[in-house]
Amino acid sequence: MRDLHGRENDLAHHLLLVSERHKADHEVYHLARDLAVWSQRHVRALAEAAPSYGIDLSAEPEGKATLAERLRERGSELLGLRSDAGLLMLRDLRTVYTEAAGISLDWEMVGQAAKAAQDDQLLQLVQQCHPDTLRQMRWANAKLKESSPQVLVG
Amino acid sequence: MPQRDRIAEPWGVRTPYEPGDAWPVRVDSYLREGLSAGDVDRWVPAASLLHSNGDAMDIAVKDGAMVGVRGRAHDRVNRGRLDPKDLFGWQANASTDRLTRPLVREGDELVETDWDTAMSRIVARTRALLDEQGPSAIGFYTSGQLFLEESYTVAVIAHGGIGTNHVDGNTRLCTATAAEALKESFACDGQPGSYEDVDHADVIALFGHNMAETQPVLWSRVLDRLAGSRPPAIICVDPRPTPVARAADVHLAPLPGTNVALMNGLLHEIIAHGWIDRDYLDAHVVGFDELEQRVKKYPPERVAEICRVPAEQIRRAAEILGRAERLLSTVLQGFYQSHQATAAAVQVNNLHLIRGMLGRPGCGVLQMNGQPTAENTRECGADGDLPGFRNWSNDAHVADLAKVWNLEPEQIPHYAPPTHLMQMMRYAEEGSIRMLWVMGTNPAVSLPELHRIRSILSQERLFLVVQDLFLTETARFADVVLPAATWGEKTGTQTNADRTVHLSEKAVEPPGEARSDLDIFLDFAARLDLRDKDGGPLVTWKDPESAFEAWKECSRGRPCDYSAMTYGKLRERGGIQWPCDAEHPDGTERLYAGGRFYSDPDYCETYGRDLVTGAPVEPTEYRAMNPGGRAVIKAAEHLPPHELPSEEHPLVLITGRTLYHFHTRTKTARAPQLQQAAPDVWAELSEPDARLAGVTEGDLLEIATPRGTVQAAARITGIREGVVFLPFHYGYWDTDSRSNDRAGNELTITDWDPASKQPINKTAAARVRLLERRDAPAPAPTTTASAPRTASIPPTAGAPGATADEDLAGAM
């Protein structure tokens, strides 16, 4: 659970970075931000559940944008006029996908453990969060599928 | 014959009727001053091209010129009626500033040239880009003003000939969400309902649909029901005091951006009271359980807080909807151009699915269109989808299309969803789309965040082709401008929002060297020498009728089946609704009778998308979810908009339209009666917000968002508090100002619905500031949603030349 908490935190932070880096790609900008909120929600849910298992996890998600990141956002608007922004976006989406895939497996394992231990509360948490992770993966995958032809061939 | 000022009275005289009766005939006509019907040489059939209603009319021709119009008495759509845009808009055809010769760019200037020079430039650039980069360098931006034959031809050329995935229409701005909402619920595009449902309904609910102004003739039909002795109840969802709101039994005015919450609140009440059709759900629908769970979190009190609408009103509206015996719902831009567009529009479909109210008289959904031939862009593939509602992620469908076109399936791009317009603009911005062909539309005024759009269109590295009637704001950026013929100057079919197909025939010659869009595309295909896999020509037709015949073959067996229609039949019968095949030679009034849908995994147009992320659903997932081809209920949670009001920008800006204008006014501003009714931009404010800003009627305002500022005269109306409205019609071609401070889209945000990809024009944070006191009232109509609160403002009326005839002689 501690690992999962850390990884959800990382994914939220990374999605915010991706959003800021690709401000000129408006769908990525808005959606990465929206999907970061899901991971932040998971972080809070995990922190709430943690004490029952004798763990202490922070409920406050990391990943608030710093000044440096805001500067990067401005830079991304300028970079947005160049075509290598596309390659950078593919790399970023690939990372979102692989991070989310790792988290999905973590949820899978926690879910299996919850079933074996007949821990309904934990199972409920998994059922509440895991579908979000799968949707984050599908989004990154779909966006990659859509963008690759233009970036790689175009 | 009775005469009426149709600027002052846009809906004309009432012809009341009762449920189940036929809508009485009333023939409206308008002829150039001094002429009467006896002077007309001939009448040529056509249908409206300034809105999606599809009003059937005859164009009056005298001495080779258009001199007026008359409604067609026996057409199913309008039964003789015409609206002000139909009555007066035709005059724009004869404007002296029509483009009559092609133009090409020489340095900073556009200079006149001949067709051969203009087309050679386009073809040379196309070939060079195909050699250098491939089809991904080329994009086509089509229009819901093209005829079916033209939409289909451009789809064949782009998808089949050039092989680009970058094709979209300006319908992305008006009906992309209608299409997507239908695709999500029924796995296929296609309007379920029919206008005749107005004749039978006991409740008519209009969701973000100011029908009185966008489809005035359909609204006349509703008004005639309301004037009868057994009128339907009306529910209106709209933040503005529209004519619909004024006629409504319940008017809900939610805060913009909260439509999903409102719909969930209504569904919550309907499910909680058991006003649902269990048998229908069990037999024909998947997904109800999830909806039931989801809306549990939306009791009226919570929804009231989110939408800032009294809980009691939500309960009342839900009860009327829940107890309706024949419910007709219509949806338009208030949902489609707002936050969570598809999710909200889908909830209207859900309302009908849980109530089992589809496919029967009076029980229908009309997910409306904005552009007149939006339906044709969708079914023919000029909006990027595969023609005939074929499924790009179903290989068998691609193979089938390849057979129709005699190509290899690999020649038709289908590796990803078609590139939508806003993404095309993005590719042009970053430089990977290097040629954009814009036909019959004006992105330099109609797209969000105009300073960005101008900077994209003006790039030297982008080769811009514009095909239009006038030198629009967009055409000024072009490298090649092609003068196009328009409605009345060419022949083709048009399909309206309730699937009614009309033949619109050539009445007069186009001006100068202007050519029909079809002829331009055929010339392009011939010059590029596009071939099928056996070396024959890819485009085998040469005129409108042969193009229609080709389309019939492409549509055969698909939901939008035209195979039993002919030009002859359309001439003889007037409007016919698709599907029209051997089994249904007279067309089909309503889709989905008996709960039979087009959603079988092997037949459906799409497997749907995630409503929040927009990610397409994988085929295997869809098969598992809906193996039996039922309707699909998709639940959604309310999410806050991306741009919320703040201290600096405390208001919500919505943009929209007015009855007297269409799109960017290229035609309607050139019809004097329409232009005089709404001559310049205005901004609508509520009384409390006006007081806060120290503004009174007519004062000059500055409206600002994080993207820019616009100046407009204040109109104080009954609009809901916290909201400011700007009409989006007003661009720059008819102003002297060079400061880009008039178009509503200077202010809108670059953001779109993830599922339908429709830009969000109705959710942005804004502030207003008094610039200058003025004594004259705002140049806004008084007859419409912009009706003033202030007394003593002279009512909108037409000059003597705005009087039209209304003939009730044929009334039953």
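As the structure is a prediction and not an experimental result, all values here were calculated from the model. (Residues numbered from 1 in each chain as written. Chains lettered and ligands numbered in written order. Predicted model: local features only at pLDDT ≥ 70, side-chain atom pairs only at ≥ 80, totals over all residues. Heavy atoms only, no water.)

A. Inspection of the packing of helix H9 (residues 259-272) of chain B against helix H12 (residues 300-307) of chain B at higher detail. Residues and elements named next belong to chain B. The contact between H9 and H12 brings their axes to 9 Å, and the two run at 165°. The angle between H9 and H12 falls in the class roughly antiparallel. Every pair of crossing elements has a handedness; the one defined by H9 and H12 is left-handed. Note on element contacts: H12 touches H9 through Pro-300, Val-303, Ile-306 and Cys-307, opposite Ala-261, Leu-262, Gly-265, His-268 and Glu-269. Each residue belonging to the contact of H9 with H12 can be placed in one class, and the counts come to six nonpolar, two polar and one charged. (Axes fitted to C-alpha atoms, helices over the stretch in contact; angles between N-to-C directions. Helix = DSSP H or I, 4+ residues; strand = E, 2+ residues; numbered from the N terminus. Parallel < 35°, antiparallel > 145°, perpendicular 65-115°, else oblique. Left-handed = near helix turned anticlockwise from the far one by under 90°. Contact = heavy atoms within 4.5 Å. Nonpolar A, V, L, I, M, F, W, Y, C, P; charged D, E, K, R; others polar.)

B. Molecular detail of the pattern of salt bridges. In the structure shown here, the tally under the stated rule is 70 salt bridges over all chains. Salt bridges sharing partners connect three or more residues here, namely Arg4(B), Arg6(B), Glu9(B), Arg26(B), Asp28(B) and Glu806(B). (Salt bridge = Lys/Arg side-chain N within 4 Å of Asp/Glu carboxyl O.)

C. Geometry of the pairing of strand S16 (residues 435-439) of chain B. Residue and element names in this part refer to chain B. Counting buried positions along S16 gives five out of five residues, so the element sits mostly inside the fold. By the alternation rule, side chains of S16 split into Met-435, Trp-437 and Met-439 and Leu-436 and Val-438, which are all buried. Across four bridges, strand S8 (residues 138-142) lies against S16 in parallel orientation. Among the inter-strand pairings, Tyr-141 is bridged to a residue of S16, identified as Val-438. (Buried < 20%, exposed > 50% of the residue type's maximum accessible area, 1.4 Å probe, protein only. Pairing = 2+ DSSP bridges.)

D. Representation of the packing of H9(B) against helix H15 (residues 341-354) of chain B within the structure. All names here are of chain B. The contact between H9 and H15 brings their axes to 8 Å, and the two run at 15°. Taken together, the axes of H9 and H15 are roughly parallel relative to one another. Where H9 crosses over H15, the two elements pack in a sense that is left-handed. When H9 is examined against H15, the residues Asn-259, Val-260, Met-263, Asn-264, Leu-267, Ile-270 and Ile-271 are found in contact with a partner set consisting of Ala-343, Ala-344, Gln-347, Val-348, Asn-350, Leu-351 and Ile-354. Among the residues making up the contact of H9 with H15, the classes are represented as 10 nonpolar, four polar and no charged.

E. Focus on the sheet that holds strand S15 (residues 364-367) of chain B. Residues and elements named next belong to chain B. Spatially, S12-S11-S10-S14-S15 is the arrangement adopted by the five strands of the open sheet, whose pairing is parallel. The sheet is open, and its two borders are formed by strand S12 (250-252) and S15, each paired with just one other strand. Strand-to-strand twist across the sheet, computed as the mean angle between neighbouring axes with direction ignored, equals 10°. Two elements, strand S10 (residues 203-207) and strand S11 (residues 233-237), share five bridges in a ladder whose sense is parallel. Paired with Ile-204 across the bridge in S11 is Ile-234. Helix-sheet contacts for H15 involve S10, strand S14 (327-331) and S15, and the interaxial angle to S14 is about 170°.

F. Quick look at the sheet that holds strand S21 (residues 576-577) of chain B. Residue and element names in this part refer to chain B. Taken in spatial order, the three strands of this open sheet run S19-S20-S21, and their pairing is antiparallel. With one partner strand each, in any of the chains shown, strand S19 (492-495) and S21 form the two edges of the open sheet. Pairing analysis gives four bridges linking S19 to strand S20 (residues 500-504), with the strands arranged antiparallel. Within the sheet, the bridge partner assigned to Gln-494 lies in S20 and is His-502.

G. Examining the pairing of strand S18 (residues 480-483) of chain B more closely. Residue and element names in this part refer to chain B. Taking every second residue as pointing to the same face, both faces of S18 are buried, with Val-480 and Leu-482 on one and Val-481 and Pro-483 on the other. Direction of pairing for strand S6 (residues 103-106) relative to S18: antiparallel, over a ladder of two bridges. In the sheet register, Leu-103 faces S18, and the bridge partner there is Val-481. Here strand S17 (residues 463-468) runs beside S18; their pairing, made up of four bridges, is parallel. Residue Val-466 lies in a different strand from S18, and its bridge partner there is Val-481.

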